[in-house]
Every structure is written in structure tokens, then in C-alpha cells.
Protein chains: 2
Amino acid sequence: MKLHGYFRSSASYRVRIALNLKGLRADHIPHHLRKGEQCAPAYLAINPQGLVPALEDDGGGVLTQSLAIIEWLDETHPEPPLLPKDPLRRARVRAFAQAIACDIHPVQNTKVLARLRELNLSEEQVTAWAAWANREGLSACEKLIAGEAGPFCFGAQPTIADLCLVPQLANARRFGVDVSAFPRLLKAEAAAKTIKAFADAAPDKQPDAE
Amino acid sequence: MKLHGYFRSSASYRVRIALNLKGLRADHIPHHLRKGEQCAPAYLAINPQGLVPALEDDGGGVLTQSLAIIEWLDETHPEPPLLPKDPLRRARVRAFAQAIACDIHPVQNTKVLARLRELNLSEEQVTAWAAWANREGLSACEKLIAGEAGPFCFGAQPTIADLCLVPQLANARRFGVDVSAFPRLLKAEAAAKTIKAFADAAPDKQPDAE
């Protein structure tokens with residue numbers, strides 16, 4: 001398999017964790033987002049959205065969107081499971097993942113921040129925007145799992161929720177958010193960071209890290 | 001079941017279509033987003049994100065995030081299926097749905113547009129922002145299904161992809177986007193609009209419509 005990604009892309013980071021947890025190997029093909037490499041015609045032929053990640057499977061199929069890729073990995077390589085079996089628990093895990101993947105990440109991604117700069121907002125205003133999206137979103141996430149014993153977001157094993165949380169907390173820190181306001185999220189992150197699959201997927205461990 | 005929503009919320013609209021396709025009844029509880037009713041303490045106790053939709057099932061469980069709700073409906077009420085059986089096809093359908101639910105909708109929702117106004121952008125700039133998010137995103141969606149015969153997004157029956165597409169096209173028109181640039185998307189929309197489950201879920205058919 002080939003994973004098209006970028007070391008700092010939190011959506012790519014989610015898929016790297018999933019591949020590691022499943023014990024799967026993929027060749028990592030970096031596309032430098034700040035240099036616009038994701039908009040090169042050769043990459044747009046693979047993913048017309050011009051976003052990373054995209055996963056090429058060994059049969060030539062192309063998968064896009066991190067959560068769709070992760071659900072596919074979970075369906076085709078069921079062990080260890082990344083979703084609980086109970087439908088209501090599955091829905092809660094997916095909702096937490098989507099609270100990050102839909103409501104935080106896209107509002108503070110490279111493309112949106114670039115658009116804000118085009119509207120003549122200052123660099124300070126752009127960073128404040130990204131911090132706001134992270135702070136508001138993570139604050140809701142903290143409440144979504146307040147009643148969960150853990151140590152992971154949902155129970156004793158990592159799920160898709162943790163795969164989204166760990167990269168998003170890294171983003172939040174990068175934008176200067178005080179994450180100490182989210183003790184339950186930090187507890188889940190601490191549990192995840194003891195697992196090699198998470199540690200090996202970190203941005204600074206990737207070959208294209210700067 | 002109770003569906004907390006808003007007539008014009010495209011995420012609520014997706015869930016309304018799913019309920020209708022599954023032949024399920026829910027009491028609709030409207031929360032007026034422009035008046036900020038989704039931030040009332042009583043609603044935040046149901047959904048700490050302060051977003052619609054939220055679905056309360058008959059056992060008292062609360063589900064949030066439209067795609068998580070729809071996957072739960074599909075798992076607990078399998079007929080008619082809203083996802084194909086083949087894992088790679090499922091991934092493509094989910095990716096299309098997420099291209100809308102992650103990459104278009106949250107960038108142009110009420111909360112983000114309100115934030116732009118707080119940054120002193122003009123009403124014209126705010127509408128141009130929403131139009132841009134819709135135009136760019138739908139343009140990618142058009143390419144994602146260019147090779148699909150249809151008439152729906154993926155095949156002869158509606159899937160989660162169509163549940164996301166129809167409400168998003170309504171948003172795009174509301175923001176003045178020329179959707180004639182997307183003939184394949186319009187073909188899928190035309191097929192959907194012949195189905196009563198889609199027609200009955202339209203914003204102007206809801207009790208809280210203005």
C-alpha cells in the first residue's frame with residue numbers, strides 16, 4: 001500500500017496510527033502542503049480534492065478521507081478493532097471522531113487559514129481563529145467523554161476517537177491553546193502515548209519532518 | 001425517537017432523509033439556530049457541542065453528529081441499506097459523504113459565518129466565503145463520481161452520499177453558486193427528488209419552516 005500524506009497533516013497522522021495498530025506497512029509518499037504539492041496534476045489525478053491523506057491499496061484502488069480510510073482498514077483487517085461492537089457505543093465513538101474531523105480540523109486547516117490571509121487578516125488574527133476552532137471544539141469533546149472511565153476516550157483500548165484526538169491536541173498546542181483545561185482528553189492522550197503505534201506515527205518521526 | 005433539528009440545517013436534513021428512507025417516525029423538536037436556541041442550557045445538556053441534529057432514541061440514549069446517527073440507523077435498521085456491501089465501495093461512498101460533511105459544511109455553517117462577521121468582514125465577503133466553500137467542495141465531489149453511471153451518486157439506489165449531496169446543493173444555491181457546473185451531481189439530485197423520503201425531508205416541508 002502507498003499512503004500519500006504530509007508529516008504535519010493531522011488527518012494523515014490519524015491514518016498512520018491506524019496502519020501501525022493494524023500492523024500494516026505502507027510506503028509513505030509525502031506531499032508538502034505549504035508548497036502546494038497536493039495541487040500538482042499528478043496528485044489531483046489520484047485525489048481530485050487535492051487533500052491528504054489518500055491510500056492506494058495493492059489492487060490499485062484509491063481511498064480518500066481519513067475516517068473512510070480508517071473504517072475500511074477496520075473492516076478489512078478487523079484486529080485489533082477500532083470501534084466497539086455495540087451500535088450505540090459505535091455511534092458515540094464515531095460522533096466524537098466527527099466532532100474533531102468535521103467540526104475542528106476543517107475550520108483550521110491550511111486551506112482555510114490561507115483564505116483568511118487572502119482576506120487581509122493579520123497573522124495574529126489567523127492564529128487566533130485556529131486557536132478558537134481548537135478551543136471550542138476540544139471543550140465540547142471534553143464534555144462528550146466526561147462520563148467515560150477510560151483511560152482511552154472510550155474504554156480500555158484505543159478507538160477511532162483516540163486516533164482523532166491525539167493529532168488534534170498536537171494542532172491545538174501548535175496554535176497556542178492551553179490544553180490543561182481538558183484533563184479527560186489529556187488522560188486519553190497519555191494512555192495513547194504509551195503505545196508504540198501512536199508514538200511511531202508522530203509527525204517528528206516521519207521522513208519528511210522538517 | 002426525538003430528532004432535535006432545524007428546518008434549514010443541512011445536517012438535520014440528512015438525518016430526516018435517512019429516517020424517512022428507513023420508514024421510521026421521530027418527533028421533530030426544532031431549535032432556532034439564528035436565535036441561538038441550540039446554546040440554551042437544556043439543549044447543551046443533551047448535546048454539549050451545541051449543534052443540531054441530536055437524536056434521542058426510545059431507550060434514552062442520545063446520538064449526535066449526523067453521519068454517526070445515520071450509520072447507527074443503518075446498523076440497527078438495515079433495510080433499505082444506505083451503504084454498499086463491498087468494502088472499497090463503502091469507503092468511496094463514505095469518502096464522498098465526508099467530502100461534504102467535513103470539507104464543505106463546517107466551513108460555511110452558521111457558527112463560522114458568525115465568526116467572520118465578528119472579524120468585521122462585510123456581508124458580501126461572508127456570502128462570498130460560503131459560496132467559495134461550496135463551489136470548491138462540490139467541484140471536487142463532481143470529479144469523485146464522474147465515472148459512476150448512477151443515476152444516484154453510487155449506483156441505482158440512494159446511499160449516504162446522496163443524503164449529504166441533496167442538502168448541500170440546497171445550501172450552495174442559497175449562497176448563489178451556479179450549480180449548473182456540476183451536471184453529474186444534478187443527475188443524482190434529480191433521481192433523489194423523485195423519492196418521497198427526500199421530498200418530505202425538504203426544509204420547506206418542516207413545521208418550523210419560515
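Below you will find a few notes about this structure. In this text, all values refer to a predicted model and were calculated from it rather than measured experimentally.

Cut-offs applied
Residues numbered from 1 in each chain as written. Chains lettered and ligands numbered in written order. Predicted model: local features only at pLDDT ≥ 70, side-chain atom pairs only at ≥ 80, totals over all residues. Heavy atoms only, no water. Disulfide = S-S within 2.5 Å. Buried < 20%, exposed > 50% of the residue type's maximum accessible area, 1.4 Å probe, protein only. Axes fitted to C-alpha atoms, helices over the stretch in contact; angles between N-to-C directions. Helix = DSSP H or I, 4+ residues; strand = E, 2+ residues; numbered from the N terminus. Parallel < 35°, antiparallel > 145°, perpendicular 65-115°, else oblique. Contact = heavy atoms within 4.5 Å. Nonpolar A, V, L, I, M, F, W, Y, C, P; charged D, E, K, R; others polar. Pairing = 2+ DSSP bridges. Salt bridge = Lys/Arg side-chain N within 4 Å of Asp/Glu carboxyl O. Phe/Tyr/Trp six-rings, centres within 6.5 Å; stacked < 30°, edge-to-face > 60°. Least-squares fit on C-alpha atoms with pLDDT ≥ 70 in both. Buried area = accessible area lost by both parts, 1.4 Å probe. Polar contact = N/O pair within 3.5 Å; in protein donor to acceptor, adjacent residues only side chain to side chain. Right-handed = clockwise from strand over helix to strand, strands pointing away.

**Some words on the state of the cysteines**
Between two cysteines, a covalent bond joining their sulfur atoms is known as a disulfide.
Stage number 1. This structure, assessed with the given rule, holds 0 disulfides over all chains.
Stage number 2. Here C164 of chain A stays free of any disulfide, with the sulfur of C102 of chain B as its closest cysteine sulfur at 9.0 Å.
Stage number 3. Accessibility expressed as a relative area gives 1% for C164 of chain A, which makes it buried.
Stage number 4. Free cysteine: C39 of chain B, not disulfide-bonded; nearest cysteine sulfur from C141 of chain A at 16 Å.
Stage number 5. Given a relative accessible area of 47%, C39 of chain B falls into the partly exposed group.

**Regarding the packing of helix α1 (residues 10-21) of chain B against helix α3 (residues 66-76) of chain B**
All names here are of chain B.
Stage number 1. Across the interface, α1 lies against α3 with an axial gap of 9 Å and an inter-helix angle of 10 degrees. As the angle between them shows, α1 and α3 are arranged roughly parallel. Counted together, A11, R14, V15, A18 and L19 of α1 and S66, I69, I70 and L73 of α3 form the full contact between these two elements.
Stage number 2. Classifying every residue of the contact of α1 with α3 gives 7 nonpolar, 1 polar and 1 charged.

**Quick word on the sheet that holds strand β1 (residues 2-5) of chain A**
Residues and elements named next belong to chain A.
Stage number 1. Here we have 4 strands laid out as an open sheet, ordered β2-β1-β3-β4, and mixed in their pairing. With partners counted over all chains shown, the strands left at the sheet margins are β2 (27-30) and β4 (62-64), one partner each. Going from strand to strand, the sheet's axes swing by 20 degrees on average, the running direction of each strand aside.
Stage number 2. In terms of strand pairing, β1 meets β2 through 4 bridges, oriented parallel. The residue bridging K2 from the neighbouring strand is D27, located in β2.
Stage number 3. Running over the sheet, helix α3 (residues 66-76) touches β3 (54-56) and β4 and is turned about 125 degrees from β4.

**With respect to the pattern of salt bridges**
Stage number 1. Scanning the entire structure with this criterion turns up 26 salt bridges over all chains.
Stage number 2. For R94 of chain B, the salt bridge is made with E75 of chain A, and the minimal N-O distance between the two is 3.1 Å. Of this pair, R94 of chain B sits in helix α4 (residues 87-101) while E75 of chain A sits in helix α3, placing the two residues on different chains.
Stage number 3. Where E189 of chain B meets K193 of chain B, a salt bridge forms, and the shortest distance between an N and an O atom there is 3.8 Å. Linking E189 of chain B with K193 of chain B, this pair stays in helix α8 (residues 183-193), spanning 4 residues, or about one helical turn.
Stage number 4. We classify E189 of chain B as buried; its relative accessible area is 7%.
Stage number 5. Among the charged side chains, a salt-bridge network with shared partners connects E71, E75, R90 and R94 of chain A together with E71, E75, R90 and R94 of chain B.

**Digging into unusual backbone geometry**
All names here are of chain A.
Stage number 1. That bond from E79 to P80 is cis: its omega, -15 degrees, falls within 30 degrees of zero.
Stage number 2. Looking at the secondary structure, you find P80 in the loop between α3 and α4 (87-101).
Stage number 3. Cis peptide bonds are those with omega within 30 degrees of zero, and the linkage from G150 to P151 qualifies with 10 degrees.
Stage number 4. Within the secondary structure, P151 sits in the loop between α6 (123-144) and α7 (160-174).
Stage number 5. Backbone geometry places Q65, a non-glycine residue, at a positive phi of 70 degrees.
Stage number 6. One non-glycine residue with positive phi stands out, namely N120, at about 65 degrees.

**Points about the packing of aromatic side chains**
Residue and element names in this part refer to chain B.
Stage number 1. A full pass over the atoms with the stated rule returns 7 aromatic pairs over all chains.
Stage number 2. Centroid distance Y6 to F7: 5.0 Å. Interplanar angle 70 degrees. Geometry classified as edge-to-face.
Stage number 3. On the basis of relative accessibility, which here comes to 5%, the residue Y6 falls in the buried class.
Stage number 4. Since its relative accessible area comes to 4%, F7 is described here as buried.

**Here we look at the environment of A188 of chain A**
Residues and elements named next belong to chain A.
Stage number 1. By the element assignment, A188 lies in helix α8 (residues 183-193).
Stage number 2. Sequence separation of A188 and V166 is 22 residues, and the distance between their C-alpha atoms is 8.4 Å.
Stage number 3. When residues no more than four places from it in sequence are discounted, the contact partners of A188 are P151, F152, C153, D162 and L165.

**Let's talk about the relation of the copies chain A and chain B**
Stage number 1. Superposition record for chain A on chain B: RMSD 0.0 Å, screw rotation 180 degrees, translation along axis 0.0 Å. What we have between these two chains is a two-fold relation. Among all residues of chain A, the one whose C-alpha sits closest to the rotation axis is C102 of chain A, at a distance of 2.1 Å.
Stage number 2. Taken as a fraction of all interface residues of chain A, those also at the interface in chain B reach 100%, which identifies the copy contact as same-surface.

**Focus: the interface of chain A and chain B**
Stage number 1. Across the contact, 42 residues belong to chain A and 42 residues belong to chain B.
Stage number 2. Interface of chain A and chain B: buried area, both sides summed, is about 3800 Å²; carbon and sulfur atoms make up 65% of it.
Stage number 3. In this assembly, chain A and chain B are joined by 8 salt bridges.
Stage number 4. Remark: the boundary between chain A and chain B carries 12 residue pairs in polar contact (both at pLDDT 80 or more).
Stage number 5. For the side of chain A that touches chain B, the secondary structure elements donating two or more residues are β4, α3, α4, α5 (110-118) and α6 of chain A.

**What about the pairing of β1 of chain A?**
Residue and element names in this part refer to chain A.
Stage number 1. Once you follow β1 into helix α1 (residues 10-21) and on to β2, the crossover reads as right-handed.
Stage number 2. In terms of strand pairing, β1 meets β3 through 3 bridges, oriented antiparallel. Across the sheet, residue L3 finds its bridge partner in β3, namely L55.

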